[in-house]
Amino acid sequence: MHEAPPTPSGASTPPSGAPMTPAEPLEHGLKQRHLTMLGLGGVIGAGLFVGSGAGIAVAGPAIVVSYLIAGALAMLVMRMLGEMSAAMPASGSFSVHAERALGRWAGFSVGWLYWFLLVVVLAVEATAAAQIAHGWVPAVEPWAWVLLFMVVFTAANLTAVKNFGEFEFWFASLKVGAIVVFLGLGVLAVLGRLPDTDPVGMTNLTGQGGFLPNGWGGVVSGVLTVVFAFGGLEVVTIAAAETDDPARAVGRAVRSAVVRILFFYVGSMLVIVTVLPWTAQQAGLSPYVKVLDSIGVPSAGQIMNIVVFVALLSALNANLYGSSRMVFSLAERGEAPRGLLKVSGGSPGKAGGVPRRAVLASVAFGFVSVLLNLLWPDTVFLYMLNSVGAVLLFVWALIAASQLRLRARLEREAPGALALRMWCFPYLTWLTLAGLLGVLLLMLTDADARPQVLWSAGATALVLLVAVGRQWREQRERKGSAPTGR
């Protein structure tokens, strides 16, 4: 492993004996409120507001259990990531941790895979938001909306990082507020306290085939459907490196986010399947709209369209930010072109700045992805989307593997750096790894999910091949340049 550059003035200094933290010449412009709302709102997106209908369709009321299982898995991964990020904050987050724990091949692989995941998903979000906006203003073509969104958020990410933080703070506030209002109305509807409503009781939880209408197989199918909705929490640990006190900020954000997100997700699902029979839900249609319509909220469809629109733009903004910081971190460690290290208002080794070239590189590939999505959504772009479909699970597995190695090193070399600790180490870490492997194996048995696993495995194998090839070539060059003794 190559040595990290020295820590610049003003950056967080790693504890004595802990692995060195790479230089962070980025602006420390994010506040604790930005990070907290990013943690709360980062995973509240279209996957919850619309995609949850598919989960209810396969699991019935037991979708609540599916969300509990998937949410617990995400919560354990975030706890592990929070432990490492609090002890050794870095803009590359889990890519840096993987390199420290497992070697350069791991940091290179997980970093580039995650970057590719973000810039491909960015295209889905931009296109979906453009379709909603086109419905409101038919005179403006979807491609024009996509262009507008990409330009606006590129501009926001090219300026001070606090602008990204403010965008995400207000986007997340709207999403969290919408769910709180929904939960309040749902509880009142269940109790029969709204006009023209009677108490619902447990009828919809126990009727229509019971709580487990499709058995535990339905619960498992529900987990496969909803687990990816929790992707996005990782950006919190990436963003923590741009706060004044990264170690403290990431610890507080992780602690507050995981439990509240479980509350929002599981609470929402419990309200939905209690207010309406699960058979009333359809894949592709928002269950939130169905519930709001049933309790007489006027213009429920348009209200949810606005919320989903904001959620998509929020995810687009966060993905652009996360991808730019990931590729910047890769460049810091020599795993991406060094030209991407240029920051505004400074240079590597001088604190204060925005990695504009990294932002432009990420948005450039984002534009390519959007173009492919608009031109060939069922062919070229579908293959790209499948190639990142299961990457999140691979990333989570590497986070767990890295935590196993780094926790032992930290306890031995710098126990004081462990401000946030993983619960029941190492047993819950091993259980999480087993759970992730189980989800991947179950996806292989599902006809719809199998292509995602196979294509993602192919993309991962290709990146690993490049990583190993680069490492082998560097070793040969070092061996060839070493002086020979007599």
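Residues numbered from 1 in each chain as written. Predicted model: local features only at pLDDT ≥ 70, side-chain atom pairs only at ≥ 80, totals over all residues. Heavy atoms only, no water.

A. Here's a closer look at the overall build of the protein chain. The number of helices and strands found in the protein chain is 19 helices and 0 strands. The C-alpha atoms of the protein chain give 23 Å as radius of gyration, which agrees with the globular expectation for 486 residues (23 Å, within 12%). The proportion of buried residues among the 486 residues of the protein chain is 55%. Pairs at least 24 apart in sequence give 78% of the contacts found in the protein chain among residues at least 6 apart. Counting every atom, the protein chain has about 19500 Å² of accessible surface; 66% of that belongs to carbon and sulfur. Within the protein chain, the 25 negative side-chain charges are centred at a point lying 9 Å from the centre of the 32 positive side-chain charges. (Helix = DSSP H or I, 4+ residues; strand = E, 2+ residues; numbered from the N terminus. Rg over C-alpha atoms; globule rule 2.2 N^0.38 Å. Buried < 20%, exposed > 50% of the residue type's maximum accessible area, 1.4 Å probe, protein only. Contact = heavy atoms within 4.5 Å. Areas by Shrake-Rupley, 256 points an atom, 1.4 Å probe, with all protein chains shown as cover. Lys, Arg positive; Asp, Glu negative; His and termini not counted. Charge placed at Lys NZ, Arg CZ, Asp CG, Glu CD.)

B. Local environment of the confidence of the model for the protein chain. In this model, the protein chain carries an average pLDDT of 84, and 91% of its residues clear a pLDDT of 70 or more. In the predicted structure, residues 19–23 sits below a pLDDT of 50 and forms 26 contacts with residues beyond four places in sequence or in another chain. Note that pLDDT drops below 50 for residues 346–351; the model gives that stretch 10 contacts with residues more than four away or on any other chain. (pLDDT = per-residue confidence, 0-100.)

C. Geometry of the pattern of salt bridges. Summed over the entire model, instances satisfying the criterion amount to 11 salt bridges. For Glu335, the salt bridge is made with Arg104, and the minimal N-O distance between the two is 2.9 Å. In this pair, Glu335 is assigned in the loop between helix 14 (300–332) and helix 15 (356–375) and Arg104 in helix 6 (residues 104–136), connecting sequence segments 231 residues apart. The burial state of Glu335 is the same as that of Arg104; both residues are buried. With a shortest N-O distance of 2.7 Å, Glu335 and Arg470 are connected by a salt bridge. (Salt bridge = Lys/Arg side-chain N within 4 Å of Asp/Glu carboxyl O.)

D. Highlighting the environment of Pro195. Its place among the elements puts Pro195 in the loop between helix 8 (161–191) and helix 9 (203–206). Considering only alpha carbons, one finds Pro195 and Ile295, 100 residues apart in sequence, at a separation of 8.4 Å.

E. Inspection of the packing of aromatic side chains at higher detail. All chains considered together, the criterion is met by 20 aromatic pairs. Here the aromatic rings of Trp112 and Trp115 are separated by 5.4 Å at their centres, their planes lie at 80°, and the arrangement is edge-to-face. With a gap of 3 residues between them, Trp112 and Trp115 both fall in helix 6, about one helical turn apart. Classification of Trp112 by relative accessible area gives partly exposed; the value is 22%. When its relative accessible area of 10% is taken as the criterion, Trp115 is described as buried. Between Phe164 and Tyr321, the aromatic rings sit 4.0 Å apart at their centres with planes inclined by 10°, giving stacked as the arrangement. Taken together, the positions of Phe164 in helix 8 and Tyr321 in helix 14 put the pair 157 residues apart, joining distant regions of the chain. Just as Phe164 is buried, Tyr321 falls in that class too. Here a set of aromatic residues connected by ring pairs shows up, and it is made of Phe108, Trp112, Trp115, Phe116 and Phe365. (Phe/Tyr/Trp six-rings, centres within 6.5 Å; stacked < 30°, edge-to-face > 60°.)

F. Fine view of the packing of helix 6 against helix 7 (residues 142–158). Across the interface, helix 6 lies against helix 7 with an axial gap of 8 Å and an inter-helix angle of 125°. The angle between the axes of helix 6 and helix 7 places the two elements in the oblique class. The chirality of how helix 6 crosses helix 7 is right-handed. Contacts between helix 6 and helix 7 involve Leu122, Ala126, Thr127, Ala129, Ala130, Gln131, Ala133 and His134 from the first element and Pro142, Trp145, Val146, Phe149 and Met150 from the second. Split by residue class, the contact of helix 6 with helix 7 holds 10 nonpolar, 3 polar and no charged. (Axes fitted to C-alpha atoms, helices over the stretch in contact; angles between N-to-C directions. Parallel < 35°, antiparallel > 145°, perpendicular 65-115°, else oblique. Left-handed = near helix turned anticlockwise from the far one by under 90°. Nonpolar A, V, L, I, M, F, W, Y, C, P; charged D, E, K, R; others polar.)

G. Up close: a nonpolar patch on the surface. Residues Trp143, Leu147, Val151, Phe367, Leu371, Leu374, Leu375, Trp376 and Val380 make up a contiguous nonpolar surface patch of about 840 Å² in total accessible area. Elements supplying a minimum of two residues to the nonpolar patch: helix 7 and helix 15. If you tally residues by element for the nonpolar patch, the top one is helix 15, at 4 residues. Mapped onto the elements of the fold, Leu375 is located in helix 15. (Patch = residues over 30% accessible without salt bridge, like charges linked within 9 Å, V, L, I, M, F, W, Y side chains within 5 Å.)

H. View of the side chain of Ser95. Summarising the element assignment, Ser95 is placed in helix 5 (residues 94–102). A relative accessible area of 0% means that Ser95 is categorised as buried. A polar side-chain atom of Ser95 sits 2.8 Å from a polar atom in the side chain of Arg333. Sequence-distant contacts of Ser95, that is, excluding residues within four places in its chain, are made with Gly107, Val110, Gly111, Met326, Leu330 and Arg333. (Polar contact = N/O pair within 3.5 Å; in protein donor to acceptor, adjacent residues only side chain to side chain.)

I. Looking closely at helix 14. With 33 residues, helix 14 should cover 48 Å at 1.5 Å per step; its first-to-last C-alpha distance of 48 Å lies within 8% of that length. With respect to burial, helix 14 is a largely interior element, 27 of its 33 residues being buried. Downstream of helix 14 by one or two residues, Gly334 has phi in the positive range, about 75°. (Expected span 1.5 Å × (residues − 1).)

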